Amino acid sequence: MGGEDGLLVGLEIHQQLACSTKLFCACPPAKSEEFPYHFERRLRPAQSETGRFDPAAVFEFAKGRSNMYFWNPESSCLVEADEEPPHPISKEALEASMLAAATIDSNLVDEVHVMRKIVIDGSNTGGFQRTAVVGLGGSFSIDGSRVGVQSVTLEEDAARILGEDAASRRFALDRMGVALVEVALEPVKGDPEFVGRVALHLGRALRSTGRVARGLGTIRQDLNVSLSGGAVVEVKGVQKLNLLPKVVEYEGKRQRALVQVAARLKESGVRRVRCRTGDVTAVFARTSSAALRRPLGVGGRVGCIAAEGLGGLLGWEPEPGMRLGKEIAEVARANSLGGVIHSDEFARQGVAESEASELRKEMRCGEGDGLVLVAGPQEVVERVIPLLMSRLEGAVKGVPAETRAATDAGETRYMRPRAGSQRMYPETDIPTIKVAEGLWKKVLDQMPEDWSTLVGRLKGKYSLSADLALKVYDSGDPEEFERLAHSLRLEPSFIASALVDLPVRLAREEVPERGYSPQVIVEALKAVDAGRVAKEAVPAILGVVGRRGVSVSEAIGELGLVALDETQVAATVDRIVGAEANLIQEKGEGAFSQLMGEAMRELRGKADGATVARVLRQRLDAALGKTSRAGGDQPS
Amino acid sequence: MGDLSGYGGDALKSLKEAGAAIGDVLEAKTPWGEVTGTLVPRYLYGDGDHLVLKLRSGYNVGLRVSGLKGVRVVAKGEKPSFSPPAPPKPAKGLPRVLIIGTGGTIASRIDYRTGAVGPAITAAELYSLVPELSGIAQVHPEIMFDIFSENITPKHWSRLARRVAKAVKEGFDGVVVAHGTDTLGYTAAALSFALAGVPVPVVLVGAQRSSDRPSSDSSLNLIAAVSVAGTARFSGVYVAMHLGESDDKIAFHRGTRVRKNHTSRRDAFVSVDVPLAAVWGRSGLEYVSEGLPARGGAFRPRPRFDGRAALIKFYPSMPAGAIRAARRAGAKALVIEGTGLGHVSKELTKELAAFVKAGGLACMTSQCIEGRVNLNVYDTGRDLIHAGVLPLDDMLSETALAKAMWVIGTGASGARARELMSANVAGETTPRTFPS
């Protein structure tokens, strides 16, 4: 598996910080549902300090798309709209990021310089993201392996994408400017499972600072994947931790396939893939290929690239599902062009043999060459052909450096060429920040307990299973658990399970979230502790709270739950035992489970199951003429 | 010894010892390991204790020299130099437009000396940044000054006016003046007087968000300015800036009626008490106000300005000494920005009377910005008239200052100066104001 053939993965974790304001303005980091205002912008590639333009920026600009930004004063102001210079950096966020750096043993820099990182896909209104290195180097250990830290940076989050089409992208500004800490790790061996564990460890370490935001979308992983000696591919936006191993596996397979294509080319003596292009619209005037007819029907053109030596290699699958042809199609799709057909799929795409041979004649090429047809509006075809050409020419090199997006299925898709090193320049609106000794000490004073030590302590002190102890930690509020374990006379494992397992179960049963907020769970636990209800009643109570929007007390009332004392329990049990004399006669001890079932049907939520069982056992023994095992009640 | 611009103190010492220069790749030994990066210039007000390295990732970090165990040069480099791609060639047969660069945000890049945005791009580079221009006009970029707009003086106005007048003679179809936004309104007013009757469009253009950022408003403002300067049927002096927050419409304001009303927004410029002159959209002019002068006609520039005028904003408790100080400083004309309909305190009224008596030109505008002054309504106003203060109707204070400098620049004084100051030379006053 991964690792042995030199697959390397550099992990970047982006974690939102829990702060009262955004990084460069006084807006609260709140999520908005409605956006009463909007405006439209077009971003242009910016000239760097050397006067050159970044290739990734030029690529995005060439698409000619505009960006629509939607905003709400409850979550954004003129700063996010790029209508006002940034305010001084949030000290709260700076401290939190330094604490994060110190927690993973990274070294704090002496002076923090905020930079502008050019991001021209519209996700930042300014066309750049503000970002600053706070920590450099350092390492931590996972199961005996050292994992090096490259850098810890403090940066602003991007705008939230709402949707896009060929003409424009729509973004919400609420998330823009929220403080993030990014941890970039040195590459580790590309063993998917190990990469997953590294990410898990890092996430837990960051949470141990108590200064990071929680919940969906607050943490995001990017990967830099390469085969040793090969170009680095940046994979963006792995939202869920459990997808990480899948993405690593997919990307490893893809890159190995591309290397094999390059090797095949080398074997057959192709050192350079020479490409020729031409307009071949006339060849397909009466085509029956649906993929070509569609664009032609609306006045489009068909362009053709003839790539020397690629015949048979476009559709070849050195690894399952990985083809050079697929790569080409992805580049086209990233440019809003769907109609791409290559020569290894002509038959499947309805290109007639007569058309294929005419095409080969027209392009003056033989069977050993690959052909790629590009169909669409003329200006798009003209824009996309050079991009596809350079991708085909790159086939001899194996893996091209590019930026890809992770999909929900754990695969990766082409996004754009990799940004050059010129994409960073100083944010001149923010003065540099000297990390004075006082700030250093303040940060060190806040250093949290190491997360694995904390989990070990939870396990030992409260007799939790390893799994439950980790869940309590991962839930994000182990302090709350410890407080409850001390103040309530309930078993810690019951408290832990109510806090971390119940919400998962209720969510699965589609109970609205208000039914299992931490406050509601704690209130329900307190009711159990006070003897008002039995612990078995908790899920039902939370269900009612969630579905009906009532308080815990009201839910207890609605469910008719009144905790019965043992005398009342005994009365019910006696009645059942009396009524089932025949059954007891017949089955003897064997009647217990049936009787218990009947008793619990009447007593669930009103009495503790253990109490019911104990009383029933006594009554059954008495009925069968045995001496009670329990010392308390004697049979009457 | 190589260039170490911006460095001082211990940092400079240790860099000199290492034989390092800006652009070299250095390895700095910190207590926790080596940091390798390119030495970048230190900004002007940075301390002498840190050196700044640009890491391979592109990030800059500052390292305290006293904490380092050593610095060595790993590779010699070159100081980052500016080498933009060559500008595209304009098509033949398109209108000819002169673009005059003066500095300011529309033509700025990063200034490492101060770490702030400063004027650096030449107009030719500006042109390479906005290739669309080559499809609109034959553009002739020319740098006249390279200064922040707050450093522009009446002398610069005179030079600008003369250059525009020359451009008209040279047969240019229009002129665009790229200008920092802070004093753009003043320059627009000044040129409106100096170039009254100019037969081509003269469009002043700026940017509120620096041109080094992908989101800058500079390119679209410039495209609209060049397009209108080259092809519009009207003439006169205008300011072209964003109409709203979006990159879709550009407002054209009359040079004498425009004001910067916001510190940072793209649509900071507004036409006060008058409709916009025109609105430009991506497909051309979408709206043109009635009554704009047509292209062509005889034209005699009057480009002289005399800077000895002052704009004084009255405030409660303002001492009479403020007027005396202006007089002592050589002011020949005063524009007083009074309260409400145009009022100042009794004490100041006396002082203004003395100023007028001594041959000075004293005028009144209002700090209300909107509406016109009227010195006939209250006693205070009548006292001011008696003192010889000239009410300027609905003229904007900034426009009034530029006009006063122009009036005394023509050599006019006394009654002739008052007459010229009151005359409507370039649409600086309007006879009627309408409900908005």
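Criteria and thresholds
Residues numbered from 1 in each chain as written. Chains lettered and ligands numbered in written order. Predicted model: local features only at pLDDT ≥ 70, side-chain atom pairs only at ≥ 80, totals over all residues. Heavy atoms only, no water. Helix = DSSP H or I, 4+ residues; strand = E, 2+ residues; numbered from the N terminus. Contact = heavy atoms within 4.5 Å. Domains from an automatic or database assignment. Buried < 20%, exposed > 50% of the residue type's maximum accessible area, 1.4 Å probe, protein only. Arc of directions from axis to C-beta. Axes fitted to C-alpha atoms, helices over the stretch in contact; angles between N-to-C directions. Left-handed = near helix turned anticlockwise from the far one by under 90°. Nonpolar A, V, L, I, M, F, W, Y, C, P; charged D, E, K, R; others polar. Salt bridge = Lys/Arg side-chain N within 4 Å of Asp/Glu carboxyl O. Phe/Tyr/Trp six-rings, centres within 6.5 Å; stacked < 30°, edge-to-face > 60°.

Chemist: Please explain the environment of Lys 332 of chain B as it appears in this structure.
Modeler: With respect to the secondary-structure elements, Lys 332 of chain B resides in the loop between α6 (321-328) and β19 (333-338). Setting aside residues up to four positions removed in sequence, Lys 332 of chain B forms contacts with Asp 306, Arg 308, Phe 355, Gly 360, Leu 361 and Ile 408 of chain B.

Chemist: Help me understand the domain arrangement of chain B in this model?
Modeler: Interface size is commonly expressed as the accessible area that is lost once the parts come together. Annotation of chain B at the domain level lists domain 1 (9-75), domain 2 (96-288) and domain 3 (309-422). Taking only C-alpha atoms, the centre of domain 1 of chain B and the centre of domain 2 of chain B are 41 Å apart.

Chemist: Mind showing me how you'd approach helix α7 (residues 353-362) of chain A here?
Modeler: Note: α-helices contain 3.6 residues per turn, so residues at a spacing of three or four share the same orientation. Residues and elements named next belong to chain A. Taken as a whole, α7 has its buried residues at Glu 355, Ala 356, Leu 359 and Arg 360. The buried residues of α7 occupy an angular sector of 135 degrees when the element is viewed end-on, so they sit on one face. Away from its buried face by more than 90 degrees, α7 exposes Glu 353, Ser 354 and Lys 361. Phi turns positive one or two residues past the end of α7, at Arg 364, with a value near 50 degrees.

Chemist: Would you explain the packing of helix α2 (residues 91-103) of chain A against helix α9 (residues 437-445) of chain A in this entry?
Modeler: The relative placement of two packed helices comes down to the angle between their axes together with the axis-to-axis distance. Residues and elements named next belong to chain A. Contact geometry of α2 with α9 gives a least axis separation of 9 Å together with a crossing angle of 65 degrees. Taken as a pair, α2 and α9 cross one another with a handedness that is right-handed. Contacts from Leu 94, Glu 95, Met 98, Leu 99 and Ala 102 in α2 reach Leu 439, Lys 442, Val 443 and Leu 444 in α9. Across the contact of α2 with α9, the residue classes tally to seven nonpolar, no polar and two charged.

Chemist: Explain the pattern of salt bridges here, please?
Modeler: Side chains bearing opposite charge may pair, as long as their charged atoms lie close to each other. Within this structure, the stated rule accounts for 79 salt bridges over all chains. Between Glu 132 of chain B and Arg 44 of chain A there is a salt bridge, with the nearest N and O atoms lying 2.4 Å from each other. A residue pair is termed interchain when its members come from two chains, as with Glu 132 of chain B in the loop between α2 (123-129) and β9 (138-143) and Arg 44 of chain A in the loop between β2 (37-41) and α1 (55-62). The class of Arg 44 of chain A is buried, set by a relative accessible area of 14%. When the shortest N-O distance is used, the salt bridge between Glu 367 of chain A and Arg 360 of chain A registers 3.6 Å. In this structure, a network of salt bridges that share partners links the residues Arg 41, Asp 82, Glu 83, Arg 116, Arg 130, Glu 156, Glu 427 and Asp 429 of chain A together with Arg 209, Arg 213 and Arg 266 of chain B.

Chemist: What should I look at first to understand the packing of aromatic side chains in this one?
Modeler: We describe a pair of aromatic rings using the distance from one ring centre to the other and the angle between the two ring planes. Within this structure, the stated rule accounts for nine aromatic pairs over all chains. The interplanar angle of 35 degrees and the centroid separation of 5.4 Å between the aromatic rings of Phe 39 of chain A and Tyr 69 of chain A together place this pair among those described as tilted. In this pair, Phe 39 of chain A is assigned in strand β2 and Tyr 69 of chain A in strand β3 (residues 66-71), connecting sequence segments 30 residues apart. With a relative accessible area of 0%, Tyr 69 of chain A lands in the buried category. On the numbers, 5.3 Å between centres and 70 degrees between planes, the contact of Trp 157 of chain B with Phe 305 of chain B is edge-to-face. One end of the pair, Trp 157 of chain B, is in helix α3 (residues 154-169); the other, Phe 305 of chain B, is in the loop between β17 (284-288) and β18 (309-313), with 148 residues separating them in the sequence.

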